[in-house]
Amino acid sequence: MAIFRYPKPKPSEITPQRLFERRREFLRRSAGSLTLAAVPGLWSAGAQSWTGRIGDAESTHFSTDGDLTPKDAITSYNNFFEFGTSKDDPAEHAHKLATDPWTVTIDGEVEKAGAFTLEDVLAPHTFEERIYRLRCVEAWSMVIPWVGFELGALLKRHEPTSRAKYVVFETLHDPEQMPGQQRDILDWPYREALRMDEAMHPLTILAVGLYGDVLPNQNGAPLRLVVPWKYGYKSIKSIVRIHLQEERPTTTWEAERPNEYGFYAVVNPEVRHPRWHQATERRIGESGRRRTEKFNGYGDYVADLYDGIDLSEHL
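Along every chain, residues carry numbers that run from 1 in the direction the sequence is written. For a predicted model such as this one, the threshold for reporting local features is a pLDDT of at least 70, and the threshold for listing and counting side-chain atom pairs is 80 or more; totals across whole chains, interfaces and linings nevertheless cover every residue. Excluded from the side-chain calculations are hydrogens and water; all other atoms, namely the structure's heavy atoms, are used.

A. Representation of the overall build of the protein in the model. Secondary structure elements are taken from DSSP: a helix is a run of H or I of four residues or more, a strand is a run of E of two residues or more, and numbering for both begins at the N terminus. Helices and strands together make up the secondary structure of the protein, namely nine helices and 13 strands. Accessibility here uses a 1.4 Å probe with only protein chains present; expressed as a share of the type maximum, an area under 20% marks a residue as buried, one over 50% as exposed, and anything in between as partly exposed. For the protein, with 315 residues in total, the buried portion stands at 56%. Any two residues whose heavy atoms approach within 4.5 Å at even a single point are treated as in contact. Sequence-distant contacts, at least 24 apart, represent 74% of the contacts inside the protein between residues at least 6 apart. Using a 1.4 Å probe, the Shrake-Rupley method yields the accessible areas, and only the shown protein chains count as cover for residues. Carbon together with sulfur atoms contributes 49% to the accessible area of the protein, which is approximately 14300 Å² in total.

Printed below as a string of structure tokens:
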């Protein structure tokens, strides 16, 4: 069996060991002091079993601790149209979202289908800190220290059938809590999907935290997808359903504007976009622009997923 080796960071991205150790110690100490004010809507006797584990998540050896995007930028500059179309709308309105209790339905082509509490979804999984690059189709980017676990591990627990070819995700649809859904911006609820081999890839994770804390509402609490080699709109937030099926689905942005947003949506500087120049990107917190790497720099690990597919034609 082939051994998967995670991407190695560039030397310039690696934080000196003394700073790394100080950061880990800070996270361990602060994990035990989370309060209701710090984690609105997520701190209860039922939720402590998994939220308390977030600060103890260990960085894997491949992660970069260097050049992280500041936390205040990550939590204040977001695309989450369920709360509004401006970048600051999610941070302003997401406090309305109640994330405890939370239920995730896992159904379709699986042997073990049902509606599960978030605690049951998370309980068997060991959390890791994964520091990934995030590239938005709008040509801005971040470096984010997520806390989560591999999506493939969750799917295996529910025993996909031989007919499971695609994994479809849905965001919560609740216009009272998500005021952006009161407007006819998109066909709600938001839907995204992956091919089965993309979903099972070791780099694909479900995130429950960032910067050692519980995931903020505006960043997709309590459960979001992170697929680092694809544009950010593929990494769906606030997931309430995971559905496995045989036929390829049409995703939300693909249906809305198929000439701009494709099903695969891999980061590809070689493909022109009608509105945003994709060859370079603006890293939030930096001045100037940097060159965009195909597959967001993860090509050595995921390019073979697309052998035989013209990614300039199939966006």
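After that view, the rundown keeps rolling.
B. Expanded view of the pattern of salt bridges. Salt bridges are identified by distance alone: a Lys or Arg side-chain nitrogen within 4 Å of an Asp or Glu carboxyl oxygen. For the structure shown, the criterion picks out 18 salt bridges. The closest approach of N and O atoms between Glu281 and Arg135, which form a salt bridge, is 3.2 Å. Of the two residues, Glu281 is situated in strand 12 (residues 280-283) and Arg135 in strand 4 (residues 128-135); the sequence distance between them amounts to 146 residues. Residue Glu281 shares its accessibility class with Arg135, and that shared class is buried.

C. Structural context of the nonpolar core. Put simply, buried Ala, Val, Leu, Ile, Met, Phe, Trp, Tyr and Cys residues joined by side-chain atoms within 4.5 Å make one nonpolar core. Core analysis: the largest hydrophobic core is formed by 87 residues, its most contacted members being Leu122, Phe127, Trp146, Phe169, Leu225, Trp229 and Ile242. At seven residues, the largest contribution of residues to this core is made by strand 5 (residues 140-150).

D. Summary view of the sheet that holds strand 7 (residues 191-195). Pairing between strands is defined by DSSP: at least two bridges between them are needed. Read across the open sheet, the five strands follow the order 3-2-11-6-7; overall the sheet is mixed. Sheet topology places strand 3 (114-117) and strand 7 at the edges, where each strand pairs with a single neighbour. Shown here is a sheet whose adjacent strand axes are inclined to one another by a mean of 20°, direction ignored. Pairing geometry for strand 6 (residues 166-171) and strand 11 (residues 239-245), over six bridges, is antiparallel. The residue bridging Thr171 from the neighbouring strand is Ile239, located in strand 11. Think of each axis as a best-fit line through the C-alpha atoms, taken over the contacting stretch in the case of a helix, with angles from 0 to 180 degrees between the N-to-C directions.

E. Structural view of the confidence of the model for the protein. Considering every residue of the protein, the mean pLDDT works out to 87; 83% of them sit at 70 or more. The pLDDT value expresses, per residue, how confident the predictor is, ranging between 0 and 100. Mean pLDDT in the protein bottoms out at helix 1 (residues 17-31), which sits at 39, and peaks at strand 11, which reaches 99. Overall, residues 1-48 carries pLDDT values under 50, and its contacts beyond four positions in sequence, including any with other chains, amount to 75 contacts.

F. Quick look at the environment of Ala265. The topology assignment puts Ala265 in the loop between helix 8 (252-256) and strand 12. Overall, the relative accessible area of 3% leaves Ala265 in the buried class. Expressed as a C-alpha distance, the spacing of Ala265 and Lys230, which sit 35 residues apart in the sequence, is 5.5 Å. Contact partners of Ala265, with chain neighbours within four places excluded, come to Lys230, Tyr231, Tyr233, Lys234 and Leu315.

G. Spatial organisation of the packing of aromatic side chains. Stacked, tilted and edge-to-face are the three classes applied to pairs of Phe, Tyr and Trp rings, where Trp contributes its six-membered ring and a pair requires centres within 6.5 Å; stacked means planes under 30 degrees apart, edge-to-face means over 60, and tilted covers the rest. Taken as a whole and assessed by the stated rule, the structure comprises eleven aromatic pairs. Where Phe80 meets Phe83, the ring centres are 4.9 Å apart and the plane angle is 90°; that geometry is what we call edge-to-face. On the basis of relative accessibility, which here comes to 3%, the residue Phe80 falls in the buried class. In this structure an aromatic cluster arises from ring pairing among Tyr166, Phe263, Tyr264, Phe295 and Tyr306. By the criterion adopted, a ring carries a charge over it if an Arg CZ or a Lys NZ lies within 6 Å of its centre and within 35 degrees of its normal. Positioned above the aromatic ring of Phe263, the side-chain terminus of Lys234 is 4.6 Å from the ring centre.

H. How the structure looks around the layout of surface pockets. Computed over the protein atoms alone on a 1 Å grid, cavities are sets of points where a 1.4 Å probe fits but cannot get out and pockets are open sets with protein on both sides within 12 Å along at least five of seven lines; a residue lines them when it has an atom within 4 Å of a point. Grid points are joined across faces, edges and corners, and a volume is the space filled by probe spheres set on the points. Of the voids in this model, the largest pocket is the one considered here, and its volume is about 570 Å³. Lining the largest pocket are 32 residues; nearest its centre among them are Asn79, Phe80, Phe81, Tyr233 and Trp253. Sorting the residues of the lining of the largest pocket by element identifies strand 5 and helix 8 as the ones contributing at least two each. Ranked by residues supplied to the lining of the largest pocket, first place goes to strand 5 with four residues.

I. Here's a closer look at the pairing of strand 2 (residues 103-108). Where strand 2 lies against strand 3, four bridges are found, and the strand directions are antiparallel. Looking at the pairing, Thr105 lines up with Ala115 of strand 3. Linking strand 2 back to strand 3 in an antiparallel pair, the connection comprises five residues. Pairing of strand 2 with strand 11, which is carried by four bridges, proceeds in the parallel orientation. Each bridged residue has a counterpart across the sheet, and for Thr105 the counterpart in strand 11 is Arg241.

J. Representation of empty space enclosed by the protein within the structure. One pass over the structure, following the stated rule, counts one cavity of 30 Å³ or more. One number sums up the size of the largest cavity: a volume of about 150 Å³. For this scheme, ten residues count as nonpolar: Ala, Val, Leu, Ile, Met, Phe, Trp, Tyr, Cys and Pro. Four count as charged, namely Asp, Glu, Lys and Arg, and the remainder, Gly too, count as polar. Of the residues belonging to the lining of the largest cavity, the class tally is ten nonpolar, five polar and two charged.

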